[in-house]
Amino acid sequence: MELIDKIKILADSAKYDVSCSSSGSDRKNKKGGLGNAAPSGICHSWTPDGRCISLLKVLFTNHCIYDCKYCVNRSSNDIPRASFTPEELVNLTINFYRRNYIEGLFLSSAVWVSPDYTMELLLKSVKKLREEVNFNGYIHLKAIPGANSALIEEAGKYVDRMSVNIELPSSESLKLLAPQKTKKSITEPMGLIKSKIIENQEERHRFKNAPYFVPGGQSTQLIIGASRDNDLKILRLSESLYKNYNLKRVYYSAYIPVSDHPSLPSISNPPLLREHRLYQADWLLRYYGFNSNEILDEKNPNFDELLDPKSDWALRNIDKFPVEVNKADYYMLLRVPGIGVKSAQRILQARKVSILDFDDLKKLGVVLKRAKYFITCKGRYFQDRNFVNNPPMIRNHLLLEDKIKINEDAEQLSFFQLYPQIMNPIEKISRITGEL
Amino acid sequence: MMLYYIYDGTFEGLLTAIYDAYYERENPELIVAMDNFTDNFLIQRRYIDTDEKKATKVHNGIINKISEDALTNIMYAYLSEHENAGKYILEYLRFGFKVGRLVDSYLSDDRVHNIHKLARKVSRERHLLLGIIRFRLLSNNIYYAPIDTQYNTACLLGDHFAARMADQIFVIHDVKRNYGVFYDKSKWFISDIDTKGNLDLHEKELFYQELWKKYFESTTIKDRLNPKLQSHFMPKRYWKYLVEMK
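Residues numbered from 1 in each chain as written. Chains lettered and ligands numbered in written order. Predicted model: local features only at pLDDT ≥ 70, side-chain atom pairs only at ≥ 80, totals over all residues. Heavy atoms only, no water.

Thoughts on the sheet that holds strand 3 (residues 43-47) of chain B
All names here are of chain B. The parallel open sheet is built from three strands, whose spatial order is 2-1-3. The sheet is open, and its two borders are formed by strand 2 (30-33) and strand 3, each paired with just one other strand. Along the sheet, successive strands turn relative to each other by an average axial angle of 30°, direction set aside. Note that strand 1 (residues 2-7) and strand 3 share five bridges and pair parallel. Bridged to Leu3 within strand 3 is Gln44. Against the sheet, helix 1 (residues 11-23) contacts strand 1, strand 2 and strand 3, and its axis sits at roughly 145° relative to strand 1. (Pairing = 2+ DSSP bridges. Helix = DSSP H or I, 4+ residues; strand = E, 2+ residues; numbered from the N terminus. Axes fitted to C-alpha atoms, helices over the stretch in contact; angles between N-to-C directions. Contact = heavy atoms within 4.5 Å.)

Encoded structure:
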């Protein structure tokens, strides 16, 4: 088979993996070598669906021994199959890289012959890239569930990020839709990678030249809407993954129907809004100091379709508002709807030298559309005083202002997920969030 | 009469103009590069003689009395080629020499805000370019990337690509401004470009371009098409030299 046909098949099969991040690693180039990693990550192109291309994202093979119902590569599906050789992959990666098409390689695979057999092929490819052609760009490698831990551990020495996809948010859904996978086969490699990363960080702390082990951390992906798990369940799962497995990212992928199996929901459109809300909530967990119980609970286990999770929280906790912009601490500022990490940091910086009013906030780039209901400047409230402590009224106004937006929702929806890296000359603030 | 400072377009020339305005307490309406100057009878012209000593004094003064960030900021603002850049820089520095290190905290002060706005635009374009410039391999084994940018950002790309593509000879060619960033496997430098030479592609070049285009097409999710979002991130003005957008 021609290389171009392989690319067609193996990129097509890999594209539902949403992760495109190339951030978090500070791997340097070696003498006479090719490539390095950019800690903030770099996007190299955007496809017509508005998603960024950072890494060459392909499967090693889409031949699969498993028959997971939700998956396009399931063995019972009648699709063209292909496999790369490690040599082809290496050649493709460095030739794309030299032309600045990509930031590196994201290599995943269906399970061919056996988990160990597949993992060995992946390992062989990344080892070749690092050792034979001295490639030091970014590599994200998928760990194959069920593969021997020695193989996974060795692969970790060559790559910047590793991920094990959970896909289905509960054991029941796994049993129903992916009976050949078990919870254990997923959590075991995650635990292994986590402990090796911690070990390596300590080692690198003591010896600057100690070899890397997955310096960009690990991530995972959950499919949204293929099973009946509610938002609360998913969010709690993410929270515990961040806490217990030190994950860098959990990605959410709206289920796109690829099969009409009776165990799967019949949906006409992927649940993009739900995916979007989960990303918003995920950011609240990671950068805004929220915990999952503040965002959702047993009484309200699913997101409000109309309102973003932070505004929703603020309206339920209206007694904490309005906050005085000139006095509130960083974490309280972050809890104001409409104020993000960048705005909060700018406010703190500007407060060092002046007392801010609403016009100043605008110049700082703080968007007042939402924030104005929840803040005061020099004791002054921007809105009609009737809004103070009147959640139904604020809610109505927030929705009213959103209405115009909702019609262009496609744009709004994807924006959060694909939030681009925007740098200022000092490039400090962005480092915190990194490129997605 | 409106007083215009006219300088040679170099950064040193601009710093010299700053020096003269500062020490002679003049308030030029505009500090403009020679090439962008259009005369009219209301303008009083003052030509600035680029003076390395004066420029160095201003340069060091900024670092010692304000900050290195401030120097980066005015450098980026200068590269924006905005017609008011020179004047904004003068105002920013005057204020900076007064308040010192904290100048960049005055985010809502126009003197600071104007510079930050320009610097951010340049910085954004630079970051975008890090991703979207495309090298083509020529028959003489040089990797060649033509670019057509809004701001004068090419000179900000040298460090990044020299560190990354350390083992390949490359040229980044600013087609509009007719200069290039050259790298010869040991160091990078800037030089004018004579565009008359013929650019023969390497025999393998089109093969890889085809593979890349196929990848681009294949990795698109057709159920989620959103071309507006695509051009939001990657404005159409940059598509000209993008292999995958042809």
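Considering helix 8 (residues 272-287) of chain A
All names here are of chain A. When the terminal C-alpha atoms of helix 8 are compared, their 22 Å separation across 16 residues agrees well with the 22 Å that a helix rising 1.5 Å per residue should span. Among the 16 residues in helix 8, 13 count as buried, and that is most of the element. A positive phi of about 70° marks Gly289, the residue just after helix 8. (Expected span 1.5 Å × (residues − 1). Buried < 20%, exposed > 50% of the residue type's maximum accessible area, 1.4 Å probe, protein only.)

Things to note about the nonpolar core
Membership of the largest hydrophobic core comes to 200 residues, with the highest contact counts inside it found for Phe96(A), Met119(A), Met162(A), Leu361(A) and Phe374(A). When residues in this core are grouped by element, the largest group, nine residues, is from helix 5 (residues 110-132) of chain B. (Core = buried A, V, L, I, M, F, W, Y, C linked by side-chain atoms within 4.5 Å.)

Focus on helix 1 of chain B
Residue and element names in this part refer to chain B. Compared with the 18 Å implied by 1.5 Å per residue over 13 residues, the 18 Å span of helix 1 between its first and last C-alpha is a close match. Burial within helix 1 is extensive, with ten of its 13 residues counted as buried. Turning to helix 1, its buried residues number three or more, namely Phe11, Gly13, Leu14, Leu15, Thr16, Ala17, Ile18, Tyr19, Asp20 and Ala21. Just downstream of helix 1 lies Arg25, where phi reads positive at about 50°.

Description of the environment of Leu138(B)
All names here are of chain B. Summarising the element assignment, Leu138 is placed in the loop between strand 4 (136-137) and strand 5 (143-147). Judged by relative accessible area, Leu138 falls into the buried class, the value being 6%. With residues near it in sequence (within four places) discarded, Leu138 still touches Tyr144, Leu199, Asp200, Leu201 and His202.

Observations regarding the pairing of strand 8 (residues 188-192) of chain B
Looking at chain direction, strand 7 (residues 179-183) of chain B and strand 8 of chain B are connected through five bridges and run antiparallel. Within strand 8 of chain B, the residue paired with Tyr183(B) across the bridge is Trp188(B).

Everything listed here is a matter of coordinates, which is why it stays silent on function.
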